[in-house]
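Examination of the molecular architecture
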Amino acid sequence: MTDRPVPGSISADQAPTEIVAAARRLAAALEALESAVERRAEADRDEDELASRIQALGADRSRLADELDGSLVRTRKLERTNREIAQRLDAAIGTIRAVLDTEPADEEEPS
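Quick caveat: nothing in here was measured; it's all calculated off a predicted structure.

Section: the overall build of the protein
Looking only at helices and strands, the protein has one helix and zero strands in total. For the protein, the proportion of its 111 residues judged to be buried stands at 0%. A total of about 10,400 Å² of accessible surface is found on the protein, and carbon and sulfur atoms cover 57% of it.

Things to note about a nonpolar patch on the surface
A surface patch of nonpolar side chains, amounting to about 380 Å² of accessible area, comprises L26, L30, L33 and V37. With respect to the helices, strands and loops of the structure, L33 is situated in helix 1 (residues 15–108). The exposed category is assigned to L33, whose relative accessible area is 51%.

Notes on the pattern of salt bridges
Counted under the stated rule, the structure contains four salt bridges. The partner of D60 in a salt bridge is R63, with the nearest N and O atoms 3.9 Å apart. Within this pair, D60 and its partner R63 are both found in helix 1, separated by three residues, close to a single helical turn. One network of salt bridges, with partners in common, ties together D60, R63 and E67.

Description of a negative patch on the surface
A cluster of acidic side chains, namely E31, E34, E38, E42 and D46, defines a negative patch on the protein surface. Positionally, E38 belongs in helix 1.

Quick notes on the rules
- Residues numbered from 1 in each chain as written.
- Predicted model: local features only at pLDDT ≥ 70, side-chain atom pairs only at ≥ 80, totals over all residues.
- Heavy atoms only, no water.
- Helix = DSSP H or I, 4+ residues; strand = E, 2+ residues; numbered from the N terminus.
- Buried < 20%, exposed > 50% of the residue type's maximum accessible area, 1.4 Å probe, protein only.
- Areas by Shrake-Rupley, 256 points an atom, 1.4 Å probe, with all protein chains shown as cover.
- Patch = residues over 30% accessible without salt bridge, like charges linked within 9 Å, V, L, I, M, F, W, Y side chains within 5 Å.
- Salt bridge = Lys/Arg side-chain N within 4 Å of Asp/Glu carboxyl O.
- Lys, Arg positive; Asp, Glu negative; His and termini not counted.
- Charge placed at Lys NZ, Arg CZ, Asp CG, Glu CD.

Below is the structure:
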């Protein structure tokens, strides 16, 4: 056999250097993976926070819609009551005018 290196093999002198380089590449890859995991975890937290905000906004919207519906009902009742009062006042004013118009005529006739 010959002492020639097999293609793709590492000589004894190169082994420590190659191992160190591989360890550095592995450390860099692990660091990149950790950074990616941290970014993903932060994105998940942001997504959860956004989802909870959306849920809170939905609850607020429902509450406000209920309050608006109640306000519309009260407004309609007040408008109806206002119209009824205005009609009653008009009728009362008409009655008072009729009474006032007839009184002077009664006083003018001496008996």
